[in-house]
Amino acid sequence: MKYFFSFLFLLYTMSTLGQASFPKGFKLIEGDNMTGEDDRYSNGKDVFQMHFYWRSYDGDFTWNDDKYRQHIAEGIGYPVYQTKDSLLWGTGKINGYYSYVVVDWHGEIFELFSKENDADFASYSKWLISSIREYRKKGKKFMFARRLHMIS
């Protein structure tokens with residue numbers, strides 16, 4: 001019986017998560033981390049990735065307040081702004097790549113980067129922030145697919 005309740009709990013929690021459906025043409029590029037934390041999704045020109053390295057912020061803050069916004073801006077090297085609905089976003093050029101970052105309400109950091117700042121980059125930037133908002137409206141959390149490999 002306990003396995004049945006565990007199964008129901010997993011089904012319930014999985015429905016509250018969201019697994020991003022990327023625009024047509026984007027494919028998974030598996031990273032070295034077996035949990036998928038360094039995976040990327042690319043169409044050969046534009047790349048989406050998540051970042052986990054700002055979670056260790058030790059300041060007295062709540063997600064996406066001014067101190068955290070400044071911390072993110074210092075880390076990525078360009079200004080970060082806050083939307084009316086408290087998402088953080090910023091765009092800039094770093095090491096020859098154009099970058100667009102969105103920090104959601106949970107502190108998850110999503111980045112789009114490309115060598116070209118063209119119509120595709122602008123379109124995918126809009127897709128990213130609007131998808132994050134759309135998942136929230138549906139009661140789900142926008143996340144990239146995660147892999148987990150069993151070590152034998």
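In this text, all values refer to a predicted model and were calculated from it rather than measured experimentally.

Participant: What's the story with the overall build of the chain in this structure? I'm lost.
Facilitator: Check the secondary structure of the chain and you find three helices and nine strands. Along the chain, helices and strands appear, N-terminal first, in the series α-β-β-β-β-α-β-β-β-β-α-β. Counting every position in the chain, which comprises 152 residues, the buried fraction comes to 38%. For the chain, the proportion of contacts with a sequence separation of at least 24, taken over those separated by at least 6, is 48%. Summed over its atoms, the accessible surface of the chain is roughly 9600 Å², and 55% of this surface lies on carbon and sulfur atoms.

Participant: Got a minute to help me understand the pairing of strand E7 (residues 97-103) in this structure?
Facilitator: Regular strands show a simple pattern: their side chains alternate between the two faces of the sheet. Most of E7 sits out of view: five of its seven residues are buried. Two strands pair when backbone bridges link them, and strand E6 (residues 88-94) and E7 are joined in this way by seven bridges, in the antiparallel orientation. Bridge pairing in E7 places Leu-88 opposite Val-103. Hairpin geometry of E6 and E7 is characterised by an intervening segment of two residues between the two adjacent antiparallel strands and by a positive phi of about 50° at Asn-95. Across six bridges, E7 lies against strand E8 (residues 109-114) in antiparallel orientation. Bridge pairing in E8 places Tyr-98 opposite Ser-114. Taking the residues between adjacent antiparallel strands as the criterion, E7 and E8 are bridged by five residues, where Gly-107 takes a positive phi near 85°.

Participant: Which parts of the structure should I look at to understand the sheet that holds E7?
Facilitator: Sheets are built from strands paired through backbone hydrogen bonds, the pairs being either parallel or antiparallel. The strand order across the open sheet formed by seven strands is E2-E3-E4-E8-E7-E6-E5, and the pairing between neighbours is antiparallel. Among the strands making up the open sheet, the edge pair consists of strand E2 (27-29) and strand E5 (81-82). Of the strands in this sheet, strand E4 (46-51), E6, E7 and E8 are in contact with helix H3 (residues 119-137), which crosses E7 at around 10°.

Participant: Teacher, can you tell me more about helix H2 (residues 66-76) here?
Facilitator: An α-helical segment advances 3.6 residues per turn. Residues three or four places apart therefore align on the same side. Every buried residue of H2 is listed here: Tyr-68, Ile-72, Ala-73 and Ile-76. One face of H2 carries all of its buried residues, which in axial projection span an arc of 140°. Residues Asp-66 and Glu-74 are exposed on H2 and point more than 90 degrees away from its buried face. Structurally, H2 contributes buried residues whose contacts are with E6, E7 and E8. Following H2 by one or two positions, Gly-77 adopts a phi angle in the positive range, close to 90°.

Participant: Would you take a moment to explain the packing of aromatic side chains for this structure?
Facilitator: What characterises a pair of aromatic rings is the spacing of the ring centres plus the angle enclosed by the ring planes. Inspection of every chain in the model, using the stated rule, returns 18 aromatic pairs. Put simply, the rings of Phe-22, Phe-26, Tyr-41, Phe-48, Phe-110, Tyr-124, Trp-127, Tyr-135, Phe-142 and Phe-144 touch in pairs and so form one group of aromatic residues. The aromatic ring of Tyr-97 is capped on one face by Lys-115, whose charged end is 4.6 Å from the ring centroid. Across from the ring centre of Trp-105, 4.0 Å away, lies the NZ or CZ of Arg-136, which sits over that ring.

Participant: Can you help me understand the pattern of salt bridges in this one?
Facilitator: Pairing between side chains of opposite charge can happen when their charged atoms approach one another. Following the criterion strictly, the structure yields five salt bridges and no others. In this structure, Lys-45 engages Asp-118 in a salt bridge whose closest nitrogen and oxygen atoms are separated by 2.6 Å. Taken together, the residues Lys-45 in the loop between strand E3 (40-42) and E4 and Asp-118 in the loop between E8 and H3 connect sequence positions 73 residues apart. Taking the relative accessible area as the measure of exposure, Asp-118 reaches 23% and is therefore partly exposed. Look at the salt bridges and you will find they share partners, linking Lys-45, Asp-118 and Asp-120 into a network.

Conventions and cut-offs
Residues numbered from 1 in each chain as written. Predicted model: local features only at pLDDT ≥ 70, side-chain atom pairs only at ≥ 80, totals over all residues. Heavy atoms only, no water. Helix = DSSP H or I, 4+ residues; strand = E, 2+ residues; numbered from the N terminus. Buried < 20%, exposed > 50% of the residue type's maximum accessible area, 1.4 Å probe, protein only. Contact = heavy atoms within 4.5 Å. Areas by Shrake-Rupley, 256 points an atom, 1.4 Å probe, with all protein chains shown as cover. Pairing = 2+ DSSP bridges. Axes fitted to C-alpha atoms, helices over the stretch in contact; angles between N-to-C directions. Arc of directions from axis to C-beta. Phe/Tyr/Trp six-rings, centres within 6.5 Å; stacked < 30°, edge-to-face > 60°. Lys NZ or Arg CZ within 6 Å of the ring centre and 35° of its normal. Salt bridge = Lys/Arg side-chain N within 4 Å of Asp/Glu carboxyl O.

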